[in-house]
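Descriptive analysis of the structure
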There are 2 protein chains.
Amino acid sequence: MNKLYVVGIGPGAYEDMTLKAIKTLENCDVIVGYTVYVDLVKEHFAQKEFLTTPMRKEVERCRLAFEQAGSGKITAMICSGDAGVYGMSGLMLELSEEYPDVEVEIVPGVTAALSGGAVLGAPLMHDFAVISLSDLMTPWETIEKRLLAAAEADLAICLYNPSSRKRADYLKKACDIMLKAKKPETVCGIVSQIGREGEHMELYSLAELKDVQTDMFTTVFIGNSSTKEINGKMVTPRGYEIRG
Amino acid sequence: MNKLYVVGIGPGAYEDMTLKAIKTLENCDVIVGYTVYVDLVKEHFAQKEFLTTPMRKEVERCRLAFEQAGSGKITAMICSGDAGVYGMSGLMLELSEEYPDVEVEIVPGVTAALSGGAVLGAPLMHDFAVISLSDLMTPWETIEKRLLAAAEADLAICLYNPSSRKRADYLKKACDIMLKAKKPETVCGIVSQIGREGEHMELYSLAELKDVQTDMFTTVFIGNSSTKEINGKMVTPRGYEIRG
């Protein structure tokens with residue numbers, strides 16, 4: 001059976017990959033991915049064949065990987081973060097029906113909710129929701145509904161794809177919705193370029209977050225009603241009694 | 001400054017750790033943890049000093065780690081999965097105020113939502129909520145409210161701590177709540193002993209899941225309205241058009 005791995009490489013640094021992800025890429029003949037992610041790993045797997053496609057060419061990229069695997073080469077499709085969180089594993093499994101001679105295996109990785117959370121402190125220690133603000137494939141009304149539901153249920157919230165050039169005001173709109181159910185002083189944080197050069201974190205109140213400019217390399221965290229700032233870190237307590 | 005690392009070791013297998021987690025443990029003098037997790041890593045870090053405390057002794061375990069670090073030993077507190085998702089990083093950062101001579105650093109890991117998701121397929125490809133059914137430190141009413149909100153917003157849902165001996169019927173109760181807003185045929189899955197000997201996965205409908213017996217080593221996934229079964233895998237599509 002021809003093997004095709006879908007590998008989450010984590011936030012970007014080599015040592016943020018799992019050992020299994022590293023071994024999987026070492027054992028591959030071909031590594032397929034979005035140009036930016038391939039550039040992140042290339043130097044560590046110098047002997048491999050690399051194939052890239054630009055953004056928005058996800059279906060073509062996946063088919064390219066199936067064709068490589070189908071020709072007998074051990075192939076890996078890489079995704080940043082985890083392959084299963086806004087990554088390629090879903091599309092790969094959907095397409096796998098068309099390529100019965102290729103066996104797909106998913107290798108998980110550290111998604112930005114976790115790697116960014118570790119930089120900020122411990123924002124997701126209790127129940128939380130992960131919501132993407134990209135409306136490329138999801139109606140904005142659905143995103144609004146999810147933001148409000150998560151805020152009303154006092155979940156901590158992690159936002160992926162908070163904005164882009166075309167969607168410059170989406171984070172502002174999202175904050176307005178969450179402010180219907182979360183207090184303006186709710187502790188929030190952003191992390192950009194997680195694990196890469198220029199990594200940057202900042203804490204804000206939800207009222208302040210409204211006017212923060214982010215980009216597609218930023219992950220945003222909104223606390224629950226218990227979240228607090230401790231020594232410059234964002235901490236959502238789980239509820240342990242620490243004073244005897 | 002004395003260093004204290006809070007390290008997520010992933011689901012359990014050595015190769016599911018990140019390279020950074022492995023290097024951090026290799027550089028430590030002392031590794032502190034819950035007995036079960038220490039047993040998972042012990043053989044790979046044979047030269048280290050190991051200190052364990054049983055379940056429910058979380059505050060004592062964290063203080064033990066701070067005392068070790070404060071005495072000048074490089075110390076790591078290990079957690080299964082990610083340190084920041086129902087792990088110890090929040091409590092450690094709360095306690096850090098009492099130990100100003102110790103610097104805490106969080107090393108993220110692959111939490112069960114991701115590692116279990118990869119075993120099942122791609123259940124969390126789109127917006128999702130992570131909710132623990134443990135009511136040890138959270139009122140059951142809060143948990144119910146969150147389950148209903150997540151179901152009404154058509155989020156995929158990942159449940160941690162679905163049951164224990166004392167809470168044998170909690171998953172059933174949770175399913176009843178989610179059935180108020182999700183269809184009985186919603187595709188669901190469970191994974192137990194992720195990445196360990198005896199790993200097991202199974203797909204169910206939400207109606208069937210109600211009567212499934214789980215334990216504390218099981219993670220439960222409930223799909224959104226688009227989630228489907230493909231070749232025995234649970235897949236939540238992100239929305240790509242795959243037919244030209």
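Report follows, based on the coordinates. Here the structure is a predicted model, which is why all the values come from computation and not from measurement.

1. Points about the overall build of chain A
Within chain A, the secondary structure is distributed over eight helices and 13 strands. Against the compact-globule benchmark of 18 Å for 244 residues, chain A has a radius of gyration of 19 Å, which places it among compact chains. By its C-alpha atoms, chain A is 55 × 45 × 30 Å across when sized along the principal axes. When each of the 244 residues of chain A is scored for burial, the buried share is 60%.

2. Observations regarding the pattern of salt bridges
Taken as a whole and judged by the stated rule, the model has 24 salt bridges over all chains. The shortest N-O distance in the salt bridge between Glu49(A) and Lys73(A) comes to 3.3 Å. Remark: Lys73(A) occurs in the loop between helix 3 (58–70) and strand 4 (75–79) and Glu49(A) occurs in strand 3 (residues 49–53); sequence separation between them is 24 residues. Under the relative-accessibility criterion, Lys73(A) is labelled partly exposed at 30%. Arg146(A) is paired through a salt bridge with Asp127(B); the nearest N and O atoms lie 2.9 Å apart. With Arg146(A) in helix 6 (residues 140–152) and Asp127(B) in the loop between strand 6 (121–122) and strand 7 (128–132), this pair bridges two chains. Ionic contacts of the salt-bridge type, sharing partners, join the residues Lys3(A), Lys20(A), Glu103(A) and Glu105(A) into one network.

3. Some remarks on the packing of helix 6 of chain A against helix 7 (residues 170–178) of chain A
When two helices pack together, you describe them by how their axes are tilted relative to each other and by the distance separating the axes. Residue and element names in this part refer to chain A. Contact geometry of helix 6 with helix 7 gives a least axis separation of 8 Å together with a crossing angle of 45°. If you check the angle between helix 6 and helix 7, you find them oblique. Two packed elements cross with a definite hand, and for helix 6 against helix 7 that hand is right-handed. Touching Trp140, Glu144, Leu147, Leu148 and Ala151 of helix 6 are Tyr170, Lys173, Ala174, Ile177 and Met178, all from helix 7. Across the contact of helix 6 with helix 7, the residue classes break down as eight nonpolar, no polar and two charged.

4. Here we look at the side chain of Thr24(A)
Residues and elements named next belong to chain A. By the secondary structure assignment, threonine 24 is in helix 1 (residues 19–26). Engagement of the side chain of threonine 24 in a polar contact is seen with the backbone oxygen of lysine 20, the distance being 2.6 Å. With sequence-adjacent residues up to four places away left out, threonine 24 is seen in contact with Tyr5, Val7 and Val107.

5. Side note on the relation of the copies chain A and chain B
Rotating chain A by 180° and moving it 0.0 Å along the rotation axis overlays it on chain B with an RMSD of 0.0 Å. The superposition of one copy onto the other is thereby described by a two-fold rotation axis. The overlap is high: 100% of the interface residues of chain A also sit at the interface in chain B, so the same surface is used on both sides.

6. Quick look at the interface of chain A and chain B
Counting from both sides, the interface comprises 69 residues of chain A and, opposite them, 69 residues of chain B. If you sort the residues of chain A by the area they bury against chain B, Glu94(A), Arg146(A) and Tyr240(A) come out on top, with a joint share of 12%. For the pair chain A and chain B, the number of links is eight salt bridges. Residue Arg146(A) pairs with Asp154(B) through a salt bridge whose shortest N-O separation is 3.9 Å. In terms of residue count, the dominant contributor to the side of chain A that touches chain B is helix 4 (residues 89–95) of chain A (six residues). Grouping the constituent residues of the side of chain A that touches chain B by class yields 33 nonpolar, 16 polar and 20 charged. Sheet topology note: the strand 7 (residues 128–132) of chain A/strand 7 of chain B ladder contains three bridges and is antiparallel.

7. Let's talk about helix 7 (residues 170–178) of chain B
All names here are of chain B. Taken as a whole, helix 7 has its buried residues at Tyr170, Leu171, Ala174, Cys175, Ile177 and Met178. Across the axial projection of helix 7, the buried residues extend over an arc of 160°, all falling on one side. Where helix 7 is buried, its residues meet helix 6 (140–152), strand 8 (156–160), helix 8 (206–209) and strand 11 (218–222).

Criteria and cut-off values
Residues numbered from 1 in each chain as written. Chains lettered and ligands numbered in written order. Predicted model: local features only at pLDDT ≥ 70, side-chain atom pairs only at ≥ 80, totals over all residues. Heavy atoms only, no water. Helix = DSSP H or I, 4+ residues; strand = E, 2+ residues; numbered from the N terminus. Rg over C-alpha atoms; globule rule 2.2 N^0.38 Å. Buried < 20%, exposed > 50% of the residue type's maximum accessible area, 1.4 Å probe, protein only. Salt bridge = Lys/Arg side-chain N within 4 Å of Asp/Glu carboxyl O. Axes fitted to C-alpha atoms, helices over the stretch in contact; angles between N-to-C directions. Parallel < 35°, antiparallel > 145°, perpendicular 65-115°, else oblique. Left-handed = near helix turned anticlockwise from the far one by under 90°. Contact = heavy atoms within 4.5 Å. Nonpolar A, V, L, I, M, F, W, Y, C, P; charged D, E, K, R; others polar. Polar contact = N/O pair within 3.5 Å; in protein donor to acceptor, adjacent residues only side chain to side chain. Least-squares fit on C-alpha atoms with pLDDT ≥ 70 in both. Buried area = accessible area lost by both parts, 1.4 Å probe. Pairing = 2+ DSSP bridges. Arc of directions from axis to C-beta.

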